[in-house]
Every structure is written in structure tokens, then in C-alpha cells.
Amino acid sequence: MNEENQDLTVGSPLSGWCASLDDSPDPVFSGRVLGDGVSIDPVVGEVRAPFDGEVLTVPESRHAINLRADNGAEFLIHVGIDSVGLAGEGFEAAVASGERVRRGQLLLKFDLEKVLRRAASLRTPVLLLQSGAFEVAGHRSEGPVDFGEALFEVSPAAGQEAAVEASGDGPEVAQTVAVGLEHGIHARPAAALIEAIKPLEASVFCQQGELPPANARSAVALMSLGVNYGDQVTVTARGQDAGKALGLVVEALKPLDESVQQEHFLKTAAVEPVIQAELPEAPVDGAVIRAQPASPGLARGTGFRLDAEVALLDIKAGSVEAEQAALTGALEQVRNHLQQLAETDGGTGAEIAAAHLALLDDPMIADHAAYRIGQGGAAPLAWQDAIDRAVETLKRAGDARMLEREDDLRDIGLRVQRALAGEDIGHGPEIPDGSIVLADNLLPSQLLELDRDRLRGICLAAGGATSHVAILAISLEIPMLVAAGPQLLRVEIGSELLLDGELGEITVRPDGPVAERFEQRIVEDKKLRQVEQDQSHAECRTRDGARIHILANIGSAQDALAAVKAGAEGAGLLRTEFAFMDRNRAPDSAEQLAIYSRISDVLESRPMVVRTLDAGGDKPVSYIEQQAEENPALGVRGIRLGLENEALLEAQLRALIELERPAPLQVMIPMVSSVHEVRAVRQMMNRLGQDDRNTPIRLGIMIETPAAALIADRLAQEVDFFSIGTNDLTQYTLCMDRGEPRLANRLDALHPAVLELVRLTVQAGDAAGIPVAVCGGAAGDLMAAPVLLGLGVRELSMPGSLIARQKARLRMLSMETCESLAGRALAMSSAREVRSMMREFVLAQSAPGNG
Ligand code: PEP
Ligand code: MG
């Protein structure tokens, strides 16, 4: 055993490859901000004691351990870089704080593969924490190292002061702050704090609850506090630079966004200056900002900024009982309010309120909030943390449609915060008459609380076209655009705006003639709307008599009902994923049969195209075991997943085979890329007895991979129909992730390359005599539909809300015009060119006198 202040040989706590700390990818470690030592790339997922000593701290995330050797020197072993984000997943602690350990004893176990995949690096710094009292010598040179082999020597520092003792004279200043660091005070923020106050003349301490104050110049002391996100920490500083030190420490502990930036800054500062994303220019007079249409219509009005904010600073926690009671009371208040909305609103607002009620009582959120309060957190911070965690879980799931539920979570998050703050949760902010609301994002409750008599339109910098708030805007007939990008937020409040929910653009401070033309379009649009509604149920034929079938994309019996009411001729795409999500196990055949029968009953004798489960990749289903994929969009998804999980697909096909209906049932396979997938499904259906049905099932496929479009002639020999999924076909053809907001404006099905694949598909379908539909987003796009018709498509399936308008527009076309537009589009070289041609076309079409 080493005595106090004796020399010490540090044995390797890991087995792996030893290297200099210079090689550490994290500047905190390579810059020796916390201390000196070595870095080890482990090959065994175990950390063993490098000497006899004591465990100082094992953080909740178990990704690191602090030890004190018997000679008094303190050490940090930090498994991997940025591994704190795993939140303990894959880590197991074999010891606890305060425990005595013997050299070679197992301290931590970790899942090598998980850390490797999820952390920035596996390289593990093993270091003597800087205190001035000890120094490191004789670092092991680069090469393999096994448990217990000598890494370096530690000896008392010659002629140096023990630990930095800052002067403690002068007045004391203090402040309590809610820690906004995403992962609490772990190694890196501790290093940031120490660095920040290093040159200052002040003694600084951080205290949490009843624990003794921790010296802010000691990494171990700071980490020993076990501070998590949302915890209250009191910072005290005394001495000549006390005020400055206090400011710097509070700054470093501050709320999430800034703290994350702070962490990021520290990470990159030593390597390169921080590169700030350039702020977009404020739009000039007459500027046109492009966005995605989410709710149709035209609006002229004045820009008004609205933001979802919750002020969570300087909140002090009372007793656990008081905080829990406050949260319970706020939840009760919000529950009553939502129940009232669900019962009295009657429309989409009621449905959304019902969905929010379910989320409000989600045990994962409630349990986490209670846990946080139990740890001494204030109710607002505990609640916010629980909401953030739930959002994070959804984000990790990665499905764009599930992601849109983030808005719903944020929405209940905001309502409860407002109730906790004693605000009136039924009323939103006052908006001026004739407002076009501009926001980064808008929550359904915020929209519901706005004075609709004063609201003309909505434009969001972010947001999705299928989010709840968009659905709500459609039902309230409020024109709305989404994904306008950050430039929108530079629009001056009070600017005159023209919002075009058809072309997907917003014009800022237009000149007189532009505003006048827009005003005329508004008048024409009103007339057209009436005609649209009157004729929404009539069949759709172009001016020269071509019959165009207009169907709806649905996900439930409720959607089916809305679609039929909106004039759909049937369901061109039933996305069955929804029956499989939000549950712990797959629905069995009987359950599925019940779901499909309800939908079929609503559709009566109308066509019904049921797509088999399109899960996997970006639409994960929790109970289907899937290996992590580097690139899920290109992974085991759609039919690939179905064929790997035969029981799942069989259960679905069995339900469909049992579904008898008055019109033929169409079954459609997603994500097909080769003929053998179709044959495999057909064989399965034969094996399951599809021949026993009264009416045969028609089997078709989605054309949504370039491969399927390119071999469409061969696929056409195997199936009864094609339906083109332009969403995925565009993503795969342009190699642009459909969920990436920065690419949203370029992910355009009107790209000539996508159109060429549509042309090939239609050609193959025609040659084989099978129908070709389009069920992706292009079908409902007023600018894309004429081109699709020109390429020979005669069936379009789209959200029910777009049907009346699309039918009315198609009736104004002639096939000759469509073919000419398609021919020109195919010869163009970019989506932008095609879109600008179509923009002119739609504008001319909607000009006065053309209605
Ligand atoms: C498509 O890819 O166009 C499509 C309709 O399928 P989903 O959007 O469900 O992937
Ligand atoms: Mg698809």
C-alpha cells in the first residue's frame, strides 16, 4: 500500500492500445485541461482498479469513475469520448462511491460495441487530476497494454503549492441557478468551469442541496456533486474577482441551448475557431420566400411573430411534497381544460385535445417528472426535463411522422408550464387584426387559442406538412405554409405579406401591382372554392374528357370517412403502419381483420388498396427486433423486413385474405426492388389459401425505388397494378433524406430525373395493360399533377383535404396541354426549372376569367 504523499505506479485499468493523450479526439483531454495521463483504446469492456484506493464518484451515467489512491492523488478514468450521452446505457458499475478497492478489482463493465457505435470514440483517458500536489512521469509509450501493466508514475510535486488556494478576502456574492447542461456536471463542463475561473482571484464554490460545497477549481469535487440537468446549484464566490467568477460559472451552468453551445465551444475551441452558421439576410422589399404548402388558400395580411416560450430561469424548489402537489394540481387543471375541449369543440380541435389527454397521462413522462422532483427538482424543471426526455426518445426512433408528435409533446409541456406559472391556459396572446402569424413552429393549442377573426394565415420556418397543427389549419380553413427556413424569422414584424398556400410562397412587402394581382386572385379563389365544394363528389374528367380517378391516402376508418365525405372515389393507399405503432406487440390476424373490416365498411364498394406493413428503417416498430443500421433508409425496411419476419407478414396477409368486401381488394407491397420479392409474397398468399376467396385479391406494388422503376417492364409481368410513391422515389433518386429539413426545398418530385422514372413506369404499365397510379405527395401537388397526367398517369391518391381542389384544377386542363408540359419538363435540367414553368402555368390558370 502507498502511504500518503508517496510515489505511486499506476497500473492499467484497461486492456487495449495505449497512446499519448495528445491523440485524444477531445481537446479537454488532449489539452490536459483536467490533468495528465494516457489514453487507452480498450479491447475488453472492463475497467479495473489501477491501484489500492477509494472510489470517489461513479456518476449516474456510469461512463466514468473518480478514484483516490492511498497516497492522496486523485484520478479520472473516462470511458470513451462523449459517452455521457448514452445515459448509462451499456454501462454497469461494480462498485459505489466511498467503497475501498484493491488493485485489479473490477470497477465498471461496459458494452464495447454500444459505446463504439454511440459515442464519439472509445479512447479512454486515464489521468491524474490536476491539483498541483502531484506530477506524472514515465508515461508508457504507444503500444498494447494489459490490465495491471504500468502506465505512468505519480509522485509529489517538487516545490509546488498543494491545490490552488484562491484568496478568500472581500465580499461574497452568490446566485442559485438551474443547471441547463444537458448531462449535468460531468468531466467536460467541470473542465470548462475550472478553465474559466483559472486566472481569477476568487474562491468559488458550488453547492447542491445539503451536500457540502464543492470547490469549483476541483474536477473531482464538482463531479462528486452528481449534478444533473435541471438541478439547482448555488454558486458562491469571494475575493477580488468574485463578481466576474460568479458570472462565468453561472454562464457555464446556464440553460440548455447556451450550455450545449458552451460545451461545443470548449470541444472545438482548442482545435479551430467556432464557425457560426451565417444568419440569413433579412428579406428585402418584394422578396419571395419559398415554403411547403400545408393548408391551401391565399392570404394578404401583416406579419406577426409568435414564439413558444417557457421561462424556466431562477426557479427555486420547495419541499418534494410541495413540488409534487404543484405538478399534480397543474396536470389536473390542464386535464380538465383538455377534457372540456374534447367534449365541446366537436371538430379536429376535439380530436387533438383527446390525443393530448392521452399524452398527459403517459406514465413515462409522469414517472420521470416524479423522479426528478424526488431528487429535489422544482416542478417546472422536472416537468420540462420529462418532456425533453420523451421528445429525445421519439427523436431516437427517427420516424419523421412520429417526430411530428414532438409538437404534441411540446404542446402539453407548454400548457402544464403555463398552469404551473399560474397563467390562464385557455387564452393565447392578442394578435392584431389581419395577422399572418410567423413562427419557428406552432403548437396546436397555440393555434386554437388565437383569435380566428383576426388571423389570416400562418407561415412556419420549421414544421411539417402533416403535423397536427397543419391538419388543424386545414380544418379551420386557415392558409398555412411550413418549412420556410430561417429567413422567415428575419421578416420584420408589421410587414405586409402575401401568403400563397398553393404555390408555396410568401411575398414580403410586395409592390403595388403584385399586391393588386394577388388581390384579384383572392377574389377568383373564393369563387373557385365554392365551385370546388359543389363539385367535389362529381367524377373528374379533363376538358377533353380523359377520366382521372381521384382517391385518398388514409390510415384509419376515421380518415376513410373524412375522405369519402371529401369526394374520394376510394382509398388509393391505406398505410397499415398505424395499426402496428404505439403498442407492445403486433396486432394478430383477428385484430387486423377487425381494423380492415371497419375501413372496408366505410368505403363500401369503393376501391381499397391496402399496403402491407412498411416498417423498419425510419419507421421502427418497437417489438420487431432489428439490428442497428448505419443507414436505415437503405436498410431492412418495407417488404425486406416483411420477408425477414415471415410470421408478421403472414398474420397480415391472413387477415387480408379473410377480408371479404363488395369490391375487389387490392394488396400492395412497399419498397420493392426486385422481382423475387413479389414472387415470395405471391407464394405466401397462395400458401395461406387466397384461392379460396370469392373474389381474387389483386396484388400490386409501390414503385418507390429507382430499381423498381428501371425494371418496371419485368415487374409488370408479375403484378396487377403499380402505384408510384413519389416521396421515396424522389428521396432515393436525388439521394436526399426526406426527413432532412435543410433539403426540404430541394426534395422535389418535379426533378426531371424523377419524372423520367415515372415515364418509364407508365410506359411499362401501359405495355402490360395494368393501371399505374401515383400515391406520393406529387399526386396532391397542384403544380405536379398536370405533369403526371401528361406522363400518362390516370389515377391520383392524396390526402382527403386536397381532393376537391385538385379535382377542380384538373377539370380545367386538356390532355394536350398536360402532354406538352410533361414533354418540356422531361427535357429540362432541374426541378427548379420545371417548378418555375409550372408556377407560371398555375398562375395563368387561376387568372381572372379562367375559372
Ligand atoms: C411514398 O413513398 O411516396 C409513399 C406514398 O409512401 P410513404 O410516404 O408512406 O413512405
Ligand atoms: Mg414510401
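Placed above this text is the structure.
Residues numbered from 1 in each chain as written. Chains lettered and ligands numbered in written order. Predicted model: local features only at pLDDT ≥ 70, side-chain atom pairs only at ≥ 80, totals over all residues. Heavy atoms only, no water.

Q: Is there a simple way to explain the nonpolar core in this structure?
A: Note on soluble globular proteins: their nonpolar side chains tend to be buried together. In terms of nonpolar packing, the biggest core is built from 96 residues, with Met-608, Ile-701, Phe-722, Leu-796, Leu-810 and Met-838 touching the most fellow members. For Leu-810, the contacting residues outside a window of four places in its chain are Cys-540, Arg-541, Thr-542, Ile-548, Ile-550, Ala-785, Leu-789 and Leu-796. Of all hydrophobic cores here, the second largest spans 44 residues; its members include Ile-81, Leu-129, Leu-246 and Val-250. (Core = buried A, V, L, I, M, F, W, Y, C linked by side-chain atoms within 4.5 Å. Buried < 20%, exposed > 50% of the residue type's maximum accessible area, 1.4 Å probe, protein only. Contact = heavy atoms within 4.5 Å.)

Q: Can you help me understand the packing of helix H15 (residues 512–534) against helix H27 (residues 803–811) in this one?
A: Helices that pack against each other are described as a pair by the angle of their axes relative to one another and the distance between those axes. As a packed pair, H15 and H27 sit with axes 9 Å apart at the nearest point and diverge in direction by 105°. The orientation of H15 relative to H27 falls into the category roughly perpendicular. Only Ala-804, Arg-805, Ala-808 and Arg-809 of H27 make contact with H15, whose side of the interface consists of Asp-525, Leu-528, Arg-529, Glu-532 and Gln-533. For the contact of H15 with H27, a count of residues per class yields three nonpolar, one polar and five charged. (Axes fitted to C-alpha atoms, helices over the stretch in contact; angles between N-to-C directions. Helix = DSSP H or I, 4+ residues; strand = E, 2+ residues; numbered from the N terminus. Parallel < 35°, antiparallel > 145°, perpendicular 65-115°, else oblique. Nonpolar A, V, L, I, M, F, W, Y, C, P; charged D, E, K, R; others polar.)

Q: How do you make sense of the side chain of Glu-323 when you look at a structure like this?
A: For Glu-323, the location among the structural elements is in helix H7 (residues 320–344). For Glu-323, the residues in contact, after removing those within four places along its chain, are Lys-316, Ala-317, Gly-318, Ile-373, Gly-377, Ala-378, Ala-379 and Pro-380.

Q: What should I look at first to understand the pattern of salt bridges in this one?
A: When the charged atoms of two side chains lie near each other, side chains of opposite charge can form a pair. Considering all chains together, one arrives at 45 salt bridges under this definition. Among the salt bridges present, the one from Asp-52 reaches Arg-102, with a minimum N-O distance of 3.5 Å. Taken together, the residues span a long stretch of sequence, with Asp-52 in the loop between strand E4 (46–48) and strand E5 (53–57) and Arg-102 in the loop between strand E9 (100–101) and strand E10 (106–110) at a distance of 50 residues. Residue classification places Asp-52 among the buried positions, given a relative accessible area of 16%. Using a relative accessible area of 55% as the deciding quantity, one classes Arg-102 as exposed. A salt bridge links Asp-728 to Arg-637, with the shortest nitrogen-to-oxygen separation between them at 3.5 Å. Residue Asp-728 is found in helix H24 (residues 726–734), and its partner Arg-637 is found in the loop between strand E30 (608–611) and helix H19 (639–644); the two are separated by 91 residues along the sequence. Assessed through its relative accessible area of 2%, Asp-728 is described here as buried. Exposure remark for Arg-637: the relative accessible area of 0% places this residue in the buried category. (Salt bridge = Lys/Arg side-chain N within 4 Å of Asp/Glu carboxyl O.)

Q: Hey, could you run me through the coordination of the magnesium ion (ligand 2) in this one?
A: The reference angle at a metal is 109.5 degrees if four donors form a tetrahedron and 90 or 180 degrees if six donors form an octahedron. For the magnesium ion (ligand 2), the full set of protein donor atoms is Glu-704 (OE) and Asp-728 (OD), and the range of their distances to it is 2.0 to 2.1 Å. With Glu-704 in the loop between strand E32 (698–703) and helix H22 (706–710) and Asp-728 in helix H24, this residue pair connects regions lying 24 residues apart in the sequence. The burial state of Glu-704 is the same as that of Asp-728; both residues are buried. (Donors = N, O, S within 2.8 Å, 3.2 Å for Na, K, Ca; no water.)

Q: So what exactly am I meant to see when it comes to the site of ligand 1 here?
A: Taken together, 15 residues sit near ligand 1, with Arg-575, Arg-611, Gly-725, Asn-727 and Arg-738 positioned nearest. Backbone polar atom of Gly-725 to an oxygen atom of ligand 1: 3.4 Å apart, as the coordinates give it. Computed on the free molecule, ligand 1 has an accessible area of 290 Å², of which 100% lies beneath the protein chains in the complex. Element by element, the count of residues in the shell around ligand 1 is highest for H24, at three residues. (Near = heavy atom within 4 Å. Polar contact = N/O pair within 3.5 Å; in protein donor to acceptor, adjacent residues only side chain to side chain. Areas by Shrake-Rupley, 256 points an atom, 1.4 Å probe, with all protein chains shown as cover.)

Q: In this structure, what is going on with unusual backbone geometry? I would like to understand it.
A: You will see that Asp-82, though not glycine, has its phi angle at about 60°, which is positive. Looking at the element boundaries, Asp-82 is found in the loop between strand E7 (74–78) and strand E8 (91–93). In this structure Asp-82 comes out as partly exposed when scored by relative accessible area, which is 23%. The phi dihedral of Glu-604 falls on the positive side, at around 50°, and the residue is not glycine. Along the polypeptide, Glu-604 turns up in the loop between helix H18 (589–603) and E30. Residue Glu-604 is classed as partly exposed on the basis of its relative accessible area, which comes to 48%.

Q: Explain the pairing of strand E31 (residues 665–669) to me, please; I cannot follow it from the model alone.
A: For E31, the tally of buried residues reaches five of five residues, placing the bulk of the element in the interior. Neither face of E31 is left uncovered, since the one carrying Leu-665, Val-667 and Ile-669 and the one carrying Gln-666 and Met-668 both have all their residues buried. Inspection of the sheet shows E30 paired to E31 by four bridges, in the parallel sense. Among the inter-strand pairings, Met-608 is bridged to a residue of E31, identified as Leu-665. Here four bridges tie E31 to E32, and the two strands are oriented parallel to one another. Looking at the pairing, Met-668 lines up with Gly-700 of E32. One crossover worth recording links E31 to the parallel E32 by way of helix H21 (residues 675–687), and it is right-handed. (Pairing = 2+ DSSP bridges. Right-handed = clockwise from strand over helix to strand, strands pointing away.)

Q: Would you mind showing me how to read the environment of Glu-74 here?
A: Structurally, Glu-74 is set in strand E7. Placed 118 residues apart in sequence, Glu-74 and Ala-192 show a C-alpha to C-alpha distance of 19 Å. Discounting residues that sit within four places of it in the chain, Glu-74 has contacts with Leu-56, Leu-67, Arg-68, Leu-127, Leu-128, Leu-129 and Val-220. A polar contact is formed between the side chain of Glu-74 and the side chain of Arg-68, at a distance of 3.2 Å.

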